[in-house]
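Observations on the model geometry
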Amino acid sequence: MTSFPPHLLEGYRTFTSQRLPTEQTRYRELSERGQFPAVMVIGCCDSRVSPEVIFDAGPGELFVMRNIANLVPVYQPDGGAHGVSAALEYAVSVLRVKHIVVLGHAQCGGIRAFIDDIEPLSPGDFIGKWMAMFIKPGEQIEQRDHESMQDFTTRIEKAAVFRSLENLMTFPFVESLVERGELRLHGAYFGVAEGSLSVLDQQAKEFRRVGEST
């Protein structure tokens, strides 16, 4: 195991000596009974934005799907391989989660790449093609007059949450449960530098910072 990252092994040793003893019973129950999380979180791959850390969640509490820029594609049953859609289907149809939270964040690299419209990083341009589904055909997203680049970036980062929530409703098994009140969709935005969390007020269509107006 000489090539395995040493800090991960050290972290595991800390886990087994400190956290595991206090949660051993919980892990055994999860092993025997399976998982029954009430919440699914769709977040970004960004290493600074861990849903389990942000929400101080224990084992078995969150079903987490992470991808570049926390995007949800539209429902597309075309026979292709769709990782986000598969995770969503499992969470809703098998685990029967009651809440889905789309968690956006500041300084998102995927959003920045989309805004900067950089040259493809590789012949496959996986990032560019992934981010392309963020906008609808014919839609244009541009910086507004007198809008700083920081404000523009923040606006688009939050717009990605709105778009993912919108796309979630294109899935029939999501739409039906939402309409029956058996599933609720939520948006949230994490400020990396200050560790702030803003939750989407769906009626006002505005993000409100937790601790100030919630």
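Summary of the structure given here. (Residues numbered from 1 in each chain as written. Predicted model: local features only at pLDDT ≥ 70, side-chain atom pairs only at ≥ 80, totals over all residues. Heavy atoms only, no water.)

Here we take up the pattern of salt bridges. By the definition in use, this model includes 11 salt bridges. Taking the shortest distance from any N to any O, the salt bridge between R112 and D116 comes out at 3.1 Å. Of the two residues, R112 and D116 both sit in helix α4 (residues 109–116), four residues apart, roughly one turn of that helix. Across the pair K136 and E166 runs a salt bridge whose closest N-O atoms are separated by 2.6 Å. (Salt bridge = Lys/Arg side-chain N within 4 Å of Asp/Glu carboxyl O. Helix = DSSP H or I, 4+ residues; strand = E, 2+ residues; numbered from the N terminus.)

Next up on the list: helix α1 (residues 6–33). Here α1 is 28 residues long, yet its end C-alpha atoms lie only 33 Å apart, well below the 40 Å a rise of 1.5 Å per residue gives. A bend of about 70° at L20 is the largest found in α1, and the proline P21 appears one to four places after it. When we look at burial in α1, the residues that qualify are L20, E23 and L30. Of the residues trailing α1, G34 is marked for its positive phi of about 90°. (Expected span 1.5 Å × (residues − 1). Bend = angle between axes of the 7 residues up to and from the residue. Buried < 20%, exposed > 50% of the residue type's maximum accessible area, 1.4 Å probe, protein only.)

Attention now moves to the layout of surface pockets. Of the volumes computed, that of the largest pocket is approximately 340 Å³. Together, 19 residues line the largest pocket, and A106, Q107, Q150, T154 and Y189 are the ones closest to its centre. Taken together, the residues of the lining of the largest pocket break down into six nonpolar, seven polar and six charged. In this model, the second largest pocket occupies a volume close to 300 Å³. As for the second largest pocket, its lining consists of 16 residues, and the residues nearest its centre are P73, Q76, H82, W130 and M133. At the level of secondary structure, the elements contributing two or more residues to the lining of the second largest pocket comprise α3 (83–94), α5 (126–132) and α6 (149–168). For the lining of the second largest pocket, the element with the highest residue contribution is α3, accounting for three residues. Of the residues that constitute the lining of the second largest pocket, the class distribution is seven nonpolar, six polar and three charged. (1 Å grid on protein atoms, 1.4 Å probe; cavity = no way out; pocket = protein on both sides within 12 Å on 5 of 7 lines; lining within 4 Å. Points joined across faces, edges and corners; volume = space filled by probe spheres on them. Nonpolar A, V, L, I, M, F, W, Y, C, P; charged D, E, K, R; others polar.)

Attention now goes to the packing of aromatic side chains. Considering all chains together, one arrives at eight aromatic pairs under this definition. Measuring from ring centre to ring centre gives 5.9 Å for F63 and Y90, while their planes differ by 35°; the resulting arrangement is tilted. Within this pair, whereas F63 is found in strand β2 (residues 62–67), its partner Y90 is found in helix α3, the two being separated by 27 residues in sequence. With a relative accessible area of 16%, F63 lands in the buried category. Pairwise contacts between aromatic rings join Y12, F15 and Y27 into one cluster. The cationic tip of K158 hangs over the ring face of Y189; the distance from NZ or CZ to the ring centre is 5.1 Å. (Phe/Tyr/Trp six-rings, centres within 6.5 Å; stacked < 30°, edge-to-face > 60°. Lys NZ or Arg CZ within 6 Å of the ring centre and 35° of its normal.)

Another aspect to go through is the nonpolar core. By size, the foremost hydrophobic cluster in this structure holds 27 residues, and its most contacted members are M40, L88, V92, I100, L168 and V174. Those elements that provide at least two residues to this core are β1 (39–44), β2, α3, β3 (99–105), α6, α7 (172–179) and β4 (184–191). Leaving out residues up to four positions away in the same chain, L168 has contacts with I42, V72, L88, I100, V102, V174 and L185. (Core = buried A, V, L, I, M, F, W, Y, C linked by side-chain atoms within 4.5 Å. Contact = heavy atoms within 4.5 Å.)

What the six strands build is an open sheet, ordered β2-β1-β3-β4-β5-β6; its pairing is mixed. Edge positions in the sheet fall to β2 and β6 (206–209), since each has one partner strand and no second. With direction set aside, neighbouring strand axes in the sheet form an average angle of 25°. Pairing of β4 with strand β5 (residues 196–201) involves four bridges; the strand directions are antiparallel. Residue pairing in the sheet places A188 in a bridge with V199 of β5. Each of β1, β3, β4, β5 and β6 touches α6; the most contacted strand, β4, lies at about 165° to it. (Pairing = 2+ DSSP bridges. Axes fitted to C-alpha atoms, helices over the stretch in contact; angles between N-to-C directions.)

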